[in-house]
Amino acid sequence: MMDAFVNRFKETPTFWADEISMLDGFGSYDAVKEFSQPVFEIPAVQNPVKFLKDCTDENSDSECRIKIEHGTTTLAFKFQGGIIVAVDSRASAGSYIASQTVKKVIEINPYLLGTMAGGAADCQYWQRQLGRHCRLYELRNKERISVAAASKLLANMVYPYKRMGISMGTMVTGWDKTGPNLFYVDSDGSRYKNDVFSVGSGSTFAYGVLDSGLDYELSTNDAIELGRRSIYQATYRDAASGGSVRIYHVKEQGWEFIGLYDVGKLHWEYCGL
Amino acid sequence: MEFLIGITGKDFVLTAADTSAARSITVMKSNEDKSCDLNKHNIMLYSGESGDTVNFAEYIQRNVRLYGIRNGIELTPKAAATFTRKELATSLRSRHPYSVFLLIAGYDITTSKPHLYWIDYLGSSAEVPFAAHGYGAYYCLSILDRYHHPNLTLDEAKDLIKKCINELKSRFIVNLFDFKIKVTDQDGIREITI
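It should be emphasised that the depicted structure is a prediction, and the values quoted were computed from it without experimental measurement.

Draft legend 1. Fine view of the sheet that holds strand β8 (residues 179–186) of chain A. Residue and element names in this part refer to chain A. Taken in spatial order, the five strands of this open sheet run β5-β6-β7-β8-β9, and their pairing is antiparallel. Every interior strand has two partners, whereas the edge strands, β5 (105–109) and β9 (191–193), have only one. Each adjacent strand pair in this sheet contributes to an overall mean axis angle of 20°, direction not counted. Sheet topology note: the β5/strand β6 (residues 112–115) ladder contains four bridges and is antiparallel. Each bridged residue has a counterpart across the sheet, and for Glu107 the counterpart in β6 is Leu113. Contacting β5, β6 and β7 (169–176), helix α4 (residues 120–141) runs over the sheet at an angle of about 15° to β5. In the packing of helix α5 (residues 147–158) onto the sheet, contacts are made with β6, β7, β8 and β9, and the angle to β7 comes to roughly 155°.

What follows is the structure in structure tokens.
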């Protein structure tokens, strides 16, 4: 019950953000004072209880954890020139668009890219950890880590947290000594290797366009266009995807950022065709 | 929606697994190998909860290999199956039980006999002449009951698997279009086409 959940904290006093005076931030930090009265943040809205009720579902989750939204479309595919990675940039919270400029490609290091689908914090945090481990590998072994090993590291890192609420559906890609490689890793613990993946709520729409136009012999420009068009078509049909299309090209020397294309502008460009 | 099948013959075990890896309604990969070579003459096919399957399979594979390295002889199919079963039984009452369905097929080089074990996530294990996991089992087990006999040759076994796969293709609502078929005999494990 939401009420039961709230009652747990009823005894402790809560502070409105604007009641704490500016001066409290300055001067010395007194840990005894800080922790003597437990405080937690409340959303700065008129009715925080109602706001949280909208974001949680007491029936399905007795802990009343905040539901994380997974609206996104990301894709990546192999072709003769390497790998193209294309993602959208919308973050939605229910029917509210929280942001149109989210960076859903995480640059793990100059030759490894990761994509983000699911919980943004989960993806960013775990892929930064992956970046750390990859660097340690490089220092210990005096050679770059392979994409297979990097993706295995990530899968092994999140597996112990399976069923604890991590939401992460990511593609790890790069060019190592065996050539271009693409792996899909998710928070359920699965890890797959393939030549084409699309992840997110709009993935089914992206797959449609991607699979129909896919050809290993595509030129680099055509491949970029295919990636761009697939994400655009997915944003057209999927309410939870949109914003802009961000494209990267993974080559032997490392990844290259191709560009950021506003979906609104793309719509008018493609309209006539 | 995954399907695993194993058939023992005169001196071999024929195993097949479907090759699609799906997340809810999307097929992420259509050439997935759902088997793991435990050692030269033992193979394990796995299905079930994603993540659990690969992790558990690799764990068993490495332990079986370690036994071989430490003791200089490879683990027999019966021992491998017993070890696996015990691991699953221990995990059953732990915080996060492994949710996997397995078939362990092997050729015992000490007795020159093929063996097949059906193991499920509750830690139950049974030695059987033929077995299947998944919804496909509902269609295939009766075919195997009807046509299987202990002295099956490799060609007869291939025909039998073909019968099973054709039945799935015509009657099972999920389209399992491709299978990875392997034979385990005294020469080891090899992939074949039917």
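Following the structure, the description resumes.
Draft legend 2. Here's a closer look at a nonpolar patch on the surface. Together, Met1, Tyr135 and Tyr138 of chain B make up an exposed nonpolar region whose accessible area comes to about 430 Å². Turning to its location among the elements, Tyr135 of chain B is positioned in the loop between β10 (130–133) and α3 (137–147).

Draft legend 3. Examining empty space enclosed by the protein more closely. Residue and element names in this part refer to chain B. Within this structure, the stated rule accounts for one cavity of 30 Å³ or more. Quantified by volume, the largest cavity comes out at close to 50 Å³. Forming the walls of the largest cavity are Thr15, Ala16, Ala17, Asp33, Lys34, Ser35, Ile43, Leu45, Lys180 and Lys182. Taken together, the elements giving at least two residues each to the lining of the largest cavity come down to β2 (12–18), β6 (42–48) and β11 (179–185). For the lining of the largest cavity, the leading source of residues is β2, giving three residues.

About the cut-offs
- Residues numbered from 1 in each chain as written.
- Chains lettered and ligands numbered in written order.
- Predicted model: local features only at pLDDT ≥ 70, side-chain atom pairs only at ≥ 80, totals over all residues.
- Heavy atoms only, no water.
- Pairing = 2+ DSSP bridges.
- Helix = DSSP H or I, 4+ residues; strand = E, 2+ residues; numbered from the N terminus.
- Axes fitted to C-alpha atoms, helices over the stretch in contact; angles between N-to-C directions.
- Contact = heavy atoms within 4.5 Å.
- Patch = residues over 30% accessible without salt bridge, like charges linked within 9 Å, V, L, I, M, F, W, Y side chains within 5 Å.
- Areas by Shrake-Rupley, 256 points an atom, 1.4 Å probe, with all protein chains shown as cover.
- Salt bridge = Lys/Arg side-chain N within 4 Å of Asp/Glu carboxyl O.
- 1 Å grid on protein atoms, 1.4 Å probe; cavity = no way out; pocket = protein on both sides within 12 Å on 5 of 7 lines; lining within 4 Å.
- Points joined across faces, edges and corners; volume = space filled by probe spheres on them.

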